[in-house]
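# Commentary on secondary and tertiary structure
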Amino acid sequence: MAGIPTTPATFPMSLDKPTTVMVARPAKKEREEEEEVLVIEGIEINRDEFVKFDVFINDEDEEAAAGGGAEKTECAGSFVNVPHKQRNGHSGDGGKVKKTQLRIGISELLEDLGVEEDDEDVVVKLVPRCDNVHVTVGGIKIENE
């Protein structure tokens, strides 16, 4: 896969700049029967900060062939945290750090991109849209539902 600008998938990772990783897809037989879901797990943020990052997906083969493949990249979705204060000025359920996950159905998106059934991986790019905020990602995987 020469030419694919991916970061070795070392988790947890701090999301302080755009990060591209190769993510394995479930076995082909499982994909045919169920929805493929991109799971970004262990997202750790500060509750009182506005946080946003976008999630882009690209076919592994197109990324290499097109020298970056921007024209074959699709936005799968976004993660957003809006700070919320109670009337008394305190955060809702205590603690400053919040840990959550993002789940995005991607079967149609992969079909639109022309990802082949026998492709074992896709390229996922996370692009932070806020500066100077704490965001950690615990892992990225694709599973079936």
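Everything quoted here is computed from the prediction, not taken from an experiment.

In this section: the overall build of the chain. When you go through the chain residue by residue, the secondary structure sums to three helices and nine strands. Counting only contacts in the chain whose residues sit at least 6 apart along the sequence, the fraction spanning at least 24 positions is 83%. Carbon and sulfur atoms form 44% of the exposed surface of the chain, whose accessible area is close to 8200 Å².

What follows concerns the pattern of salt bridges. What the rule picks out here adds up to seven salt bridges. The residue E143 makes a salt bridge to K141 at a minimum N-O spacing of 3.4 Å. A residue is classified by how much of its surface remains accessible, and E143, at 24% relative accessible area, is partly exposed. Assessed through its relative accessible area of 32%, K141 is described here as partly exposed. Linked by salt bridges that have partners in common, E41, R103, K141, E143 and E145 make up one network.

Before going further, it helps to spend a moment on the sheet that holds strand β7 (residues 121–128). The strands making up a sheet associate through backbone hydrogen bonding, with each pair oriented either parallel or antiparallel. Taken together, the four strands give an open sheet; going across it, the order is β2-β7-β4-β5, and neighbouring strands pair in antiparallel fashion. If you trace the sheet from one side to the other, it starts and ends with β2 (19–24) and β5 (73–81), each paired once. With direction set aside, neighbouring strand axes in the sheet form an average angle of 25°. Where strand β4 (residues 51–59) and β7 come together, seven bridges link them in antiparallel fashion. Pairing of N58 across the sheet is with V123, part of β7.

Let us now look at the nonpolar core. L38, I40, F53, V55, I57, V124 and L126 are the most contacted members of the largest nonpolar core, which has 28 residues in total. Filtering out sequence-adjacent residues up to four positions away, L126 remains in contact with L15, K17, P18, T19, I40, F53, D54, V55, V137 and I140.

Taken together, the side chains of F50, V80 and V82 define a hydrophobic patch exposed on the protein surface, amounting to about 270 Å² of accessible area. Inspection of the secondary structure puts V80 in strand β5. For V80, a relative accessible area of 43% corresponds to the partly exposed category.

With respect to burial, β7 is a largely interior element, six of its eight residues being buried. As paired strands, β2 and β7 are joined by six bridges and run antiparallel to one another. Bridge pairing links A24 to D121 in β7.

Criteria and thresholds
Residues numbered from 1 in each chain as written. Predicted model: local features only at pLDDT ≥ 70, side-chain atom pairs only at ≥ 80, totals over all residues. Heavy atoms only, no water. Helix = DSSP H or I, 4+ residues; strand = E, 2+ residues; numbered from the N terminus. Contact = heavy atoms within 4.5 Å. Areas by Shrake-Rupley, 256 points an atom, 1.4 Å probe, with all protein chains shown as cover. Salt bridge = Lys/Arg side-chain N within 4 Å of Asp/Glu carboxyl O. Buried < 20%, exposed > 50% of the residue type's maximum accessible area, 1.4 Å probe, protein only. Pairing = 2+ DSSP bridges. Axes fitted to C-alpha atoms, helices over the stretch in contact; angles between N-to-C directions. Core = buried A, V, L, I, M, F, W, Y, C linked by side-chain atoms within 4.5 Å. Patch = residues over 30% accessible without salt bridge, like charges linked within 9 Å, V, L, I, M, F, W, Y side chains within 5 Å.

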